[in-house]
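# What the coordinates show
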Amino acid sequence: MSALIIFGLLVALMLTGMPISISLGLTVLTFLFTMTEVPIDTVALKLFTGIEKFEIMAIPFFILAGNFLTHGGVAKRMINFATAMVGHWHGGLGLAGVIACALFAAVSGSSPATVVAIGSVILPAMVAQGFPKRFGAGVITTSGALGILIPPSIVMVMYAVATSGMLVEGPNGEVVDAASVGELFIAGVVPGMMLAAFLAFTTWYRARKNNYPRLPKASFRARWTAFREAIWGLLLIIVVIGGIYAGIFTPTEAAAMSAVYAFVISVFVYKDLTLRDVPRVLLASANMSAMLLYIITNAVLFSFLMTHEGIPQALGTWMVDAGLSWWMFLIIVNVLLLAAGNFMEPSSIVLIMAPILFPVAVRLGIDPVHFGIMIVVNMEVGMCHPPVGLNLYVASGITKMGITELTVAVWPWLMTMLIFLVLITYVPAITLTLPHLLGM
């Protein structure tokens, strides 16, 4: 009954058009004031302790790094490098767009930032070369979603924050801890590369089938020049992932390092940003960080209410008693998350759903790291389909295409992503092999 009241109130508030973060906070306060005897002091304390987590500091730093790289010419050099390598294949510029998105995703951590940085440069070039506008829009909108799967990823940090400190009893009575940010980053490497390959194959196949333009094959000298110009941006991948794996710094410290590194190469190496532009970038990053932190704060309260009412535990007990197997549970989770993606943006979905679904997953013997990556892939799909797919709106601003037309344009790549989601869901080895090899 408590669950029905809480979710009914939340849905009712969201249907009024109220922002999700405020809807979460009002739902919690209304329920606590009217239906429980929880002291309001507890709410204030929970608000403070809920966001007093070292991992949360990674979010504003990754946002800042992504903004420096978006405005600092790094994307343009990555596109030139990718074009030099694969431009002569069928659909060369489209393939270059997929590879450039994958490379930029490995330094930014944000999907919309990847769409803006790569799409604003490569889409006009594709149209000028004779590619249909729909083809280019489909490639960039879906490939931009790699920004939250290829580490570093802000959504992975959100999942780690939402489940941190949760010690759940596994199927054999053992206590299972939540996944760390570092484990999730390493686990995202292979799935990220696989999805990039899947999207690249779809791009190549459609380009070959429709005989889209190809570029002349670049000489070794041109490829070397493009690589040399892009090397400063590419080194950031090694700084972040290499530093975390080598134990030189934590994911949060890696985020701070990436922000400083991005500032240095944008302002002093590539010189595409001047010191006069820096306050504008800082303000944009602060605005986005404040929005996400406000959502996190209210989601922490919502998670506290769920736990206080025993909803995750009751759900887990019900599913285990009902004889629900792990593969049936994962089908339900995928359908639930894809449905939520129709109405909510990824950060809110992860922060609301992860604390509820995580204990059930652990009780059914599902690895926390595998479960986290599966949720991230679901969020990728949600960013590319209407009505609130964030990448669709970002791409719409770049291409000047309507949401309906963009939805038709992304369909072949969206189907590819759904096939990949099924693969990730039921073949845990794709996610877990690399972390196990590295002893994580």
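In this text, all values refer to a predicted model and were calculated from it rather than measured experimentally. (Residues numbered from 1 in each chain as written. Predicted model: local features only at pLDDT ≥ 70, side-chain atom pairs only at ≥ 80, totals over all residues. Heavy atoms only, no water.)

Here the focus is the overall build of the protein chain. Along its length, the protein chain carries 21 helices and 2 strands. Computed over C-alpha atoms, the radius of gyration of the protein chain comes to 22 Å, within 12% of the 22 Å expected from 2.2 N^0.38 for 440 residues, which places it in the range of a compact globule. A principal-axis box enclosing the C-alpha atoms of the protein chain has dimensions of 70 × 45 × 45 Å. Across the 440 residues of the protein chain, 54% fall into the buried class. Looking at the protein chain alone, contacts between residues at least 24 apart form 80% of all its contacts between residues at least 6 apart. With the model as given, the accessible surface of the protein chain reaches about 18,300 Å², and the carbon-plus-sulfur share is 69%. (Helix = DSSP H or I, 4+ residues; strand = E, 2+ residues; numbered from the N terminus. Rg over C-alpha atoms; globule rule 2.2 N^0.38 Å. Buried < 20%, exposed > 50% of the residue type's maximum accessible area, 1.4 Å probe, protein only. Contact = heavy atoms within 4.5 Å. Areas by Shrake-Rupley, 256 points an atom, 1.4 Å probe, with all protein chains shown as cover.)

Before going further, it helps to spend a moment on the packing of helix α9 (residues 154-163) against helix α17 (residues 346-363). Interaxial distance between α9 and α17 falls to 9 Å at its minimum, and their mutual angle equals 35°. Along this stretch, α9 crosses α17, giving a crossing that reads as right-handed. Residue-level contacts link Val155, Met158, Tyr159, Ala162 and Thr163 of α9 to Pro346, Ser347, Val350, Leu351, Ala354, Pro355 and Phe358 of α17. Broken down by class, the residue content of the contact of α9 with α17 amounts to 10 nonpolar, 2 polar and no charged. (Axes fitted to C-alpha atoms, helices over the stretch in contact; angles between N-to-C directions. Left-handed = near helix turned anticlockwise from the far one by under 90°. Nonpolar A, V, L, I, M, F, W, Y, C, P; charged D, E, K, R; others polar.)

Next up on the list: helix α16 (residues 326-340). Between its first and last C-alpha, α16 extends 21 Å over 15 residues, near the 21 Å set by a 1.5 Å rise per residue. Buried residues of α16: Phe329, Leu330, Val333, Asn334, Leu337 and Ala340, and no others. One side of α16 carries all its buried residues, which in axial view fall inside an arc of 140°. (Expected span 1.5 Å × (residues − 1). Arc of directions from axis to C-beta.)

Turning our attention to the packing of aromatic side chains. Enumeration over the complete set of coordinates arrives at 14 aromatic pairs. An angle of 65° between the planes, with centres 5.6 Å apart, marks the rings of Phe135 and Trp413 as edge-to-face. One end of the pair, Phe135, is in helix α8 (residues 133-143); the other, Trp413, is in helix α20 (residues 403-426), and 278 residues separate them in sequence. With respect to class, Phe135 is no different from Trp413; both count as buried. Taken together, a centroid distance of 6.1 Å and an interplanar angle of 20° make the contact between Phe329 and Phe371 stacked. Taken together, the residues span a long stretch of sequence, with Phe329 in helix α16 and Phe371 in helix α18 (residues 368-382) at a distance of 42 residues. In this pair, the class of Phe329 matches that of Phe371, namely buried. Ring pairs connect the aromatic residues Phe131, Phe135, Tyr212 and Trp413, which therefore count as one cluster. Over the aromatic face of Tyr270 sits the side chain of Arg77, whose NZ or CZ is 3.9 Å from the ring centroid. (Phe/Tyr/Trp six-rings, centres within 6.5 Å; stacked < 30°, edge-to-face > 60°. Lys NZ or Arg CZ within 6 Å of the ring centre and 35° of its normal.)

Right, let's get into the state of the cysteines. In a disulfide, the sulfur atoms of two cysteines are covalently bonded to one another. By the definition in use, this model includes 0 disulfides. Considering cysteine sulfurs only, Cys384 is the nearest to Cys101, which forms no disulfide, with 10 Å between them. We classify Cys101 as buried; its relative accessible area is 0%. (Disulfide = S-S within 2.5 Å.)

Our focus in this paragraph is the pattern of salt bridges. Scanning all chains against the criterion turns up 3 salt bridges. Arg134 is paired through a salt bridge with Glu405; the nearest N and O atoms lie 3.7 Å apart. Taken as a pair, Arg134 in helix α8 and Glu405 in helix α20 lie far apart in primary sequence, 271 residues in all. A salt bridge links Asp277 to Arg280, with the shortest nitrogen-to-oxygen separation between them at 3.5 Å. Its relative accessible area of 45% is what places Arg280 among the partly exposed residues. (Salt bridge = Lys/Arg side-chain N within 4 Å of Asp/Glu carboxyl O.)

For the rest of this paragraph, the subject is the packing of helix α1 (residues 2-15) against helix α14 (residues 278-308). At a minimum axis separation of 11 Å, α1 and α14 run at an interaxial angle of 155°. Considering their axes alone, α1 and α14 lie roughly antiparallel with respect to each other. Contact with α1, carried on its side by Ile6, Phe7 and Leu10, involves Phe302, Leu305 and Met306 of α14 and no other residues of that element. For the contact of α1 with α14, the class distribution of residues is 6 nonpolar, no polar and no charged. (Parallel < 35°, antiparallel > 145°, perpendicular 65-115°, else oblique.)

It is worth spelling out helix α11 (residues 189-210) at this point. With 22 residues, α11 should reach 32 Å at 1.5 Å per residue; the first-to-last C-alpha distance of 32 Å fits that figure. Every buried residue of α11 is accounted for by Pro191, Gly192, Leu195, Ala196, Leu199, Ala200, Thr202, Thr203 and Ala207. Buried residues belonging to α11 abut α6 (92-108), α8, α10 (181-187), α18, α20 and α21 (429-437). Once α11 ends, the next one or two residues include Asn211, with phi positive near 55°.

Our next topic: the environment of Val427. Checked against the element boundaries, Val427 lands in the loop between α20 and α21. For the pair formed by Val427 and His370, sequence separation is 57 residues and the distance between their alpha carbons is 9.3 Å.

So, on to the nonpolar core. Counting 156 residues, the largest nonpolar core has Ile118, Tyr159, Phe329 and Phe371 as the members making the most contacts within it. Residues contacting Ile118, with those up to four places away along its chain left out, are Ala75, Ile79, Gly97, Ala100, Cys101, Phe104 and Ile140. (Core = buried A, V, L, I, M, F, W, Y, C linked by side-chain atoms within 4.5 Å.)

A surface patch of nonpolar side chains, about 710 Å² in accessible area, is lined by Trp232, Leu235, Ile238, Val260, Val264, Phe268, Val269 and Leu275. If you list the elements that add at least two residues to the nonpolar patch, you get α12 (220-245) and α13 (251-269). Per-element tally for the nonpolar patch: the top contributor is α13, with 4 residues. On the secondary structure map, Ile238 appears in helix α12. (Patch = residues over 30% accessible without salt bridge, like charges linked within 9 Å, V, L, I, M, F, W, Y side chains within 5 Å.)

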